[in-house]
Amino acid sequence: MGRVSAFDEPLKKLLGGATAKVMAEHLDLHTVGDLLHHYPRRYEERGRLTALAELPLDEHVTVVAQVADARIMMFNNGRGKRLEVTLTDGSGRLQLVFFGHGVHKPHKELLPGRRAMFAGKVSVFNRRMQLAHPTYQLLDTRDEDEATEAVGAFAGQLLPIYPACKQLDSWRIAKAVDTVLPSAVDAVDPLPPTLREGRGFVPLPEALLRIHRPHTKADIAAARERLRWDEAFVLQVALARRRYADTQLPAVARGAVPDGLLDAFDAKLPFTLTEGQHKVTEEIFGDLATRHPMHRLLQGEVGSGKTLVALRAMLRVVDAGGQTALLAPTEVLAQQHHRSITEMMGELAEGGMLGGSDRGTKVVLLTGSMGTAARRRALLDLVTGEAGIVIGTHALIEDKVKFHDLGLVVVDEQHRFGVEQRDALRSKGKQPPHLLVMTATPIPRTVAMTVFGDLETSVLDQLPAGRSPIASHVVPAKDKPHFLSRAWERVREEVGNGHQAYVVCPRIGDDAEEAAEKKKGKKAAAEDDAEKRPPLAVLDLAGELSAGALAGLRVEVLHGRMHPDDKDEVMRRFAAGQADVLVATTVIEVGVNVPNATAMVIMDADRFGVSQLHQLRGRVGRGSAPGLCLLVSEAHEASPARARLSAVAATLDGFELSRIDLEQRREGDVLGQAQSGVRSSLRVLSVIDDEEVIAAAREEAVRVVAADPDLEGLPELRTALDALLDKDREEYLDKG
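Here the structure is a predicted model, which is why all the values come from computation and not from measurement. Each residue is numbered by its place in its chain's sequence as written, counting from 1. With pLDDT at 70 or above as the cut-off, local features in this predicted model cover only qualifying residues; side-chain atom pairs require 80 or more to be listed or tallied, and sums for whole chains, interfaces and linings still use all residues. Computation of side-chain values covers all heavy atoms of the structure but excludes hydrogens and water.

**Student:** Just give me the short version of the overall build of the chain, but keep the residues and values in it.
**Tutor:** By definition, any uninterrupted DSSP run of H or I lasting at least four residues is a helix, any uninterrupted run of E lasting at least two residues is a strand, and each is numbered from the N terminus. The helix and strand tally for the chain stands at 29 helices and 21 strands. Only protein chains enter the accessibility calculation, which uses a 1.4 Å probe; a residue is then buried when its area is under 20% of its type maximum, exposed when over 50%, and partly exposed in between. Relative to its 736 residues, the chain shows a buried fraction of 53%. Contacts are residue-level and defined by heavy atoms, with any inter-residue pair within 4.5 Å sufficient. For the chain, the proportion of contacts with a sequence separation of at least 24, taken over those separated by at least 6, is 73%. Only the protein chains shown count as cover for residues, and all accessible areas are computed by the Shrake-Rupley method using a 1.4 Å probe. Roughly 33300 Å² of accessible area belongs to the chain as shown, and the carbon and sulfur atoms make up 52% of that amount.

Written out as structure tokens, the structure reads:
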């Protein structure tokens, strides 16, 4: 075990308590190994200056620049003074400011012509970028000893710039890395030797030395390539072992039963399934017929017919004597699924009732806000097996809920549903039930291979016949106010033609929200000069529209803080055509199905993410009439926000948009909190750019695990796996 110990040494032993404490609290670095895997974000070349013109707002940055001028300014009638320093680098200028007692040292050192590294958080003051009280290190000092040291440290080298924090800047982290770098020789290499040699990778200790202290750009490239593979491979081995372990679990096989509920259902379907639905159904039915639990992710655009595919899988399981549970993220959605499934099934959903089919089964709803009597009845139907299908929210996971024989769990919109909850429901079967996870958010292949790597994936990528195209346009409300007037005219035209429309706002605008906003907003308002106007609110806008642009139309509101019964009533009226325009928050994003709604106006569209806009847009054009989606924004034409909106307007392909979304958000948000174990383990691997690496690593991992499931012949890989799967991550994967 001696070889591993150097990596496990706590940092406080080597770096001193104060530095180690900051590293632990702010950068989540606790051991020598953690710090050695804290790689530079980028490298400064000694002779090259960072472009000041490209500084990101609100981020901690490190810049190398030259002092153009420095002056002491008095304020408060001479009682206060501040030092203002202007930096330049040929691409732009940056202001530094120091106050009070903090001005003496920089005033002596930061003389015009001096070059230094500066670190701090970029803010805006008087419309100019600035760093307030940055830490700095001179690169060319007049003091001989210091000069020799500084030049020795920096001349001709690639300076690593580390992900830093306010309490600890990049060069202090670099000094700490120097202290622990000798331990790199103890790095345990996780790659099987045949794989490492076959792909010509540098050994791990060498990769660590090269990434932290490169001499050339080739050093960095070789190190990154090697470390990227380590991450991808160890993660894929963890997922492959997870899938392998699942194939060893027992489950009840649910095969075809002729002349059962499914056949009766298919016989009354008014349309034929698409080719895609057939293909995906075969994959699912194949899994259901085996004696180990299915773990499948079903991806499909809004409206691609996922619910129908899932329902047919549920009916097959009911035919084979099992029960099925459909889990929805919200009550509105659970009620909607319940309504649409009972409508699709007709008399088949009335098993045991008068007028019901003798082949039918009971379909029950179980949500938190149900009355006691209805709830008791539903629970009884589940425990006796009377109900073959139950649809509900996470109320289904409570201990009180008992099933007669749970055979299949369908989870709708996995990204809104933690892995713990998925697991709790799974434990309700006598043996692990089959699991089908549905999502309407198109997930790029690489993310599917990492985040959902413990699930097999099926994709529904064609829309059923009869679905109409949606035209999307950006409405620049600030530059061209008449475009917004035209948008409301278009809504009136759609309603005039017998259709309905949605108007979506980012906020509700009720008192509870206002109070929270005010509390949060006081400080933000002072800082945030750019966004003068708070986001539009449902309640305000609905009133304005009713009195103005949409006067005479039946305008209703819907938002998340309404009582579930009221929400349901509004949706019912809208679906029945008793309202013309629904002004809503994103509660309509998931699952609302009104084929007669053809237009959607999204206010402050730049405040929503790409996939959210795509989801919202999927609510229109669900019938035979073409859909229209207007993205209203006050964002500046050249801003990234507008670029995002133009991308959404330009394509209806969710997979294309998910790629754009991923590129703009980077991985952090995509992997999300439920997958924090995976996220924190990705250091050089990019879920966006490294598709080939991830796919190749997955293949290698499957091969390795098939040959040696317990990795007995690969102790180093086991060690790396144990490090990756510390307790939280182990739990995350177990709950997958």
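Anyway, onward from the coordinates.
**Student:** Describe the sheet that holds strand S18 (residues 555-558), naming the residues involved and giving the relevant values.
**Tutor:** Two pairing modes exist for strands in a sheet, parallel and antiparallel, and in both the strands are linked by backbone hydrogen bonds. If DSSP finds at least two bridges between two strands, the strands pair. Taken in spatial order, the 6 strands make up an open sheet running S16-S21-S20-S17-S19-S18, and their pairing is parallel. Every other strand in the sheet has two partners, leaving strand S16 (470-476) and S18 as the edge strands with one partner each. Within this sheet the neighbouring strands show an average axis-to-axis angle of 20°, counted without direction. Strand direction decides the pairing type here: strand S17 (residues 500-504) and strand S20 (residues 597-602), joined by 5 bridges, are parallel. Directly across from Tyr502, in S20, lies its bridge partner Met600. The axes are straight lines fitted to the C-alpha atoms, using for helices just the contacting stretch, and the angles between their N-to-C directions are given from 0 to 180°.

**Student:** Any chance you could break down the pairing of strand S3 (residues 80-88) for me, citing the residues and the numbers?
**Tutor:** For S3 and strand S4 (residues 93-99), the ladder comprises 7 bridges, and the chain directions are antiparallel. When the sheet's bridge partners are listed, Leu83 is paired in S4 with Phe98. What sits between S3 and S4 in their antiparallel hairpin is a turn of 4 residues, with Gly90 showing a positive phi close to 85°.

**Student:** For empty space enclosed by the protein, give the residues involved together with the corresponding values.
**Tutor:** Only protein atoms enter the 1 Å grid used here. Points where a 1.4 Å probe fits but cannot escape make up a cavity, open sets with protein on both sides within 12 Å along at least five of seven lines make up a pocket, and a residue lines them when an atom lies within 4 Å of a point. Grid points are joined across faces, edges and corners, and a volume is the space filled by probe spheres set on the points. Applying the stated criterion across every chain yields a total of 2 cavities of 30 Å³ or more. For the largest cavity, the calculated volume is near 60 Å³. Ala251, Val252, Arg254, Asp405, Leu406, Gly407, Lys430, Gln431, Pro432, Pro433 and His434 together form the lining of the largest cavity.

**Student:** How would you sum up the sheet that holds strand S15 (residues 456-460)? Please name residues and give values.
**Tutor:** Spatially, 7 strands are ordered S11-S12-S10-S13-S14-S9-S15 in an open sheet, and the strand pairing comes out parallel. Of all the strands in the sheet, the pair left with one neighbour each is strand S11 (362-366) and S15. Across the sheet, the mean angle from the axis of one strand to that of its neighbour is 20°, orientation sign disregarded. Judged from the 5 bridges that link them, strand S10 (residues 323-327) and strand S13 (residues 406-412) form a sheet pairing that is parallel. The residue bridging Thr324 from the neighbouring strand is Leu408, located in S13.

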